[in-house]
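Understanding the architecture of this molecule
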Amino acid sequence: MRIRECLLVAVVLSIFTTSCGPVVISSRPNNPPPPWFYPSRLEVVRYVYFPEFSIYYDLSQRTYLYLDGGIWVRRSVLPPRYAHINLRRSRYQRIRNYNDDNIRRYHDRHDSNRGRSNRTTSRKSKGRRN
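The following paragraphs examine the structure supplied in this document.

Rules and cut-offs
Residues numbered from 1 in each chain as written. Predicted model: local features only at pLDDT ≥ 70, side-chain atom pairs only at ≥ 80, totals over all residues. Heavy atoms only, no water. Core = buried A, V, L, I, M, F, W, Y, C linked by side-chain atoms within 4.5 Å. Buried < 20%, exposed > 50% of the residue type's maximum accessible area, 1.4 Å probe, protein only. Helix = DSSP H or I, 4+ residues; strand = E, 2+ residues; numbered from the N terminus. Contact = heavy atoms within 4.5 Å. Phe/Tyr/Trp six-rings, centres within 6.5 Å; stacked < 30°, edge-to-face > 60°.

**Section: the nonpolar core**
Across soluble globular proteins, nonpolar side chains show a tendency to be buried alongside one another. Membership of the largest hydrophobic core comes to 14 residues, with the highest contact counts inside it found for Trp36, Ile55, Tyr64, Tyr66, Leu78 and Leu87. For this core, the elements supplying multiple residues, two or more each, are strand 2 (43-50), strand 3 (55-58) and strand 4 (63-68). Here this core gets three residues from one element, more than from any other, and that element is strand 2. Trp36 has contacts with Val48, Phe50, Tyr57, Tyr64, Leu87, Arg88 and Tyr92, leaving out every residue within four places of it along the chain. Judged by nonpolar contacts, the second largest core, of nine residues, contains Tyr47, Tyr98, Ile103 and Tyr106.

**Considerations on the packing of aromatic side chains**
Enumeration according to the criterion identifies eight aromatic pairs in this entry. Consider the rings of Tyr47 and Tyr98, whose centres lie 6.0 Å apart with planes at 40°: the pair is tilted. Highlighted residues: Tyr47 in strand 2 and Tyr98 in the loop between strand 6 (93-96) and helix 2 (103-110), separated in sequence by 51 residues. Each member of the pair, Tyr47 as well as Tyr98, is classed as buried. Aromatic pair Tyr57 and Tyr64: ring centres 4.7 Å apart, planes at 65°, arrangement edge-to-face.

**Section: the environment of Ile103**
Tracing the chain through its elements places Ile103 in helix 2. With relative accessibility at 2%, the residue Ile103 sits in the buried group. Sequence-distant contacts of Ile103, that is, excluding residues within four places in its chain, are made with Tyr47, Tyr56, Leu65, Trp72 and Tyr98.

Given below as structure tokens:
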């Protein structure tokens, strides 16, 4: 009977957890995420990216990563030049399935696809003669 009770409690907790809000799992689960990070479901996420500012936040090490003089630096606090930013109101992207310490590798691989538009692509018109 004891096992059934534990199983029931686990099921009820998982239902309440998913209905009330997300559960974030990082490589260091005992470190809570910052107050501006509110994911909407169960995910394994290490990094969060703020595309407007090219800033990453490492949830496992609780540090910000940003370019400083062309070099990616890791700091626990953003420098004064970012003092005007309100991260609680800023748009961010969860970086899924990337757990490496080298954010430059990820950024170089994925940043080239961000912000593209189709303005420079030519469209072929069907049935239209030039």
